[in-house]
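Read off the chains here:
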Amino acid sequence: MNKEIIKSDNEQLLLRSFIEGDESAITTLIERYRKRVYNYILMLTKDRQTADDLFQETFIKVIGSLRSGRYAENGKFISWVLRIAHNLVIDHFRGGRKPLHITSEDAGYDILNNRKLADSTIEDHLIHEQIEQDVRDLIDRLPSEQREVVVLRHYFDLSFKEIAQQTGVSINTALGRMRYALINLRKLIEERKIAFA
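Quick caveat: nothing in here was measured; it's all calculated off a predicted structure.

### Some words on the overall build of the protein chain
Here comes step 1: Regarding its fold elements, the protein chain presents eleven helices and zero strands.
Here comes step 2: Reading the protein chain from its N terminus to its C terminus gives the helix and strand order α-α-α-α-α-α-α-α-α-α-α.
Here comes step 3: Buried positions account for 42% of the 197 residues belonging to the protein chain.
Here comes step 4: Taking the intrachain contacts of the protein chain between residues at least 6 apart in sequence as the baseline, contacts between residues at least 24 apart amount to 61%.
Here comes step 5: Total accessible area on the protein chain stands at roughly 11,900 Å², and carbon and sulfur atoms take up 49% of it.

Structure follows, in structure tokens:
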């Protein structure tokens, strides 16, 4: 495999390369987006074990869809992946079920045991833990519709058009939810006298 393809920022090139049989191409994409997808699932579920399971299930669905030709190149790859994750979280809460524990043999690809995807340092953890926790606590206090828009916009860099599509509302509704979320976050910061410095 051409090393230029592996390092490529071009998602479509990586996706085509994976579909043509290059496993390392999907590893590159999973590695690129794993934190965003995992944090999104964790923000919604608030449980690490559930988030681990749904993260794995998300990428198993992604890989299955790619292999069966069900991915249409009509938008950003990450938006599509987050939509899959979002639907799995909804299914999890609706059904009250525990996600399936799927082995790497079942999936046809070893997602979670890939060392590149699992590495994180203690230093990274210590630097960001307190600020992330304070921000998460504030966001968790928002009404669910406002919380979802904040997470999609600031953690996942989705446009308001993409947020509207993902959440099934108009762009104006998404913008309104963000406006009220920011007003509510400012109030919470003032009430709690929190300083982010």
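### A look at unusual backbone geometry
Here comes step 1: At K46, a residue that is not glycine, the phi angle is positive and equals roughly 60 degrees.
Here comes step 2: The residue K46 is located in the loop between α3 (23-45) and α4 (48-67) in this model.
Here comes step 3: Look at K46 and you get partly exposed, because its relative accessible area is 46%.

### What to know about the packing of aromatic side chains
Here comes step 1: All chains considered together, the criterion is met by four aromatic pairs.
Here comes step 2: Pairing Y33 with F77 gives two aromatic rings, centres 6.1 Å apart and planes at 40 degrees, and the pair type is tilted. Placement of the pair is Y33 in helix α3 and F77 in helix α5 (residues 77-95), with a sequence separation of 44 residues.
Here comes step 3: According to the relative accessible area criterion, F77 is buried, its value standing at 0%.
Here comes step 4: Counting every residue linked through ring pairs, the aromatic cluster contains Y33, F77 and W80.
Here comes step 5: One Lys or Arg, R179, reaches over the ring of Y180 and ends 5.3 Å from the middle of that ring.

### Focus on helix α2 (residues 11-19)
Structurally, the α-helix is built with 3.6 residues per turn, so residues lying three or four positions apart point the same way.
Here comes step 1: All of the buried residues in α2 are E11, Q12, L14, L15, S17 and F18.
Here comes step 2: Measuring from the backbone nitrogen of Q12 back to the side-chain oxygen at the start of α2 gives 2.9 Å, which picks out N10 as the cap.
Here comes step 3: Directly after α2, the chain includes G21, whose backbone phi takes a positive value near 115 degrees.

### Some remarks on the pattern of salt bridges
Here comes step 1: The final tally for this structure, using the stated rule, is two salt bridges.
Here comes step 2: In this structure, R67 and E23 form a salt bridge, with 2.8 Å as the shortest nitrogen-oxygen distance. Placement of the pair is R67 in helix α4 and E23 in helix α3, with a sequence separation of 44 residues.
Here comes step 3: The class of R67 is partly exposed, set by a relative accessible area of 43%.

### Regarding the nonpolar core
One recurring pattern in soluble globular proteins: nonpolar side chains tend to sit buried together.
Here comes step 1: Residues V37, I41, V62, L66, F77 and W80 are the most contacted members of the largest nonpolar core, which totals 47 residues.
Here comes step 2: The greatest single-element share of this core, amounting to eleven residues, is contributed by α3.
Here comes step 3: Not counting chain neighbours up to four residues away, the residues in contact with F77 comprise E11, L15, L29, Y33, V62 and Y71.

Criteria and thresholds
- Residues numbered from 1 in each chain as written.
- Predicted model: local features only at pLDDT ≥ 70, side-chain atom pairs only at ≥ 80, totals over all residues.
- Heavy atoms only, no water.
- Helix = DSSP H or I, 4+ residues; strand = E, 2+ residues; numbered from the N terminus.
- Buried < 20%, exposed > 50% of the residue type's maximum accessible area, 1.4 Å probe, protein only.
- Contact = heavy atoms within 4.5 Å.
- Areas by Shrake-Rupley, 256 points an atom, 1.4 Å probe, with all protein chains shown as cover.
- Phe/Tyr/Trp six-rings, centres within 6.5 Å; stacked < 30°, edge-to-face > 60°.
- Lys NZ or Arg CZ within 6 Å of the ring centre and 35° of its normal.
- Polar contact = N/O pair within 3.5 Å; in protein donor to acceptor, adjacent residues only side chain to side chain.
- Salt bridge = Lys/Arg side-chain N within 4 Å of Asp/Glu carboxyl O.
- Core = buried A, V, L, I, M, F, W, Y, C linked by side-chain atoms within 4.5 Å.

Purely geometric stuff here, so don't read any function into it on its own.
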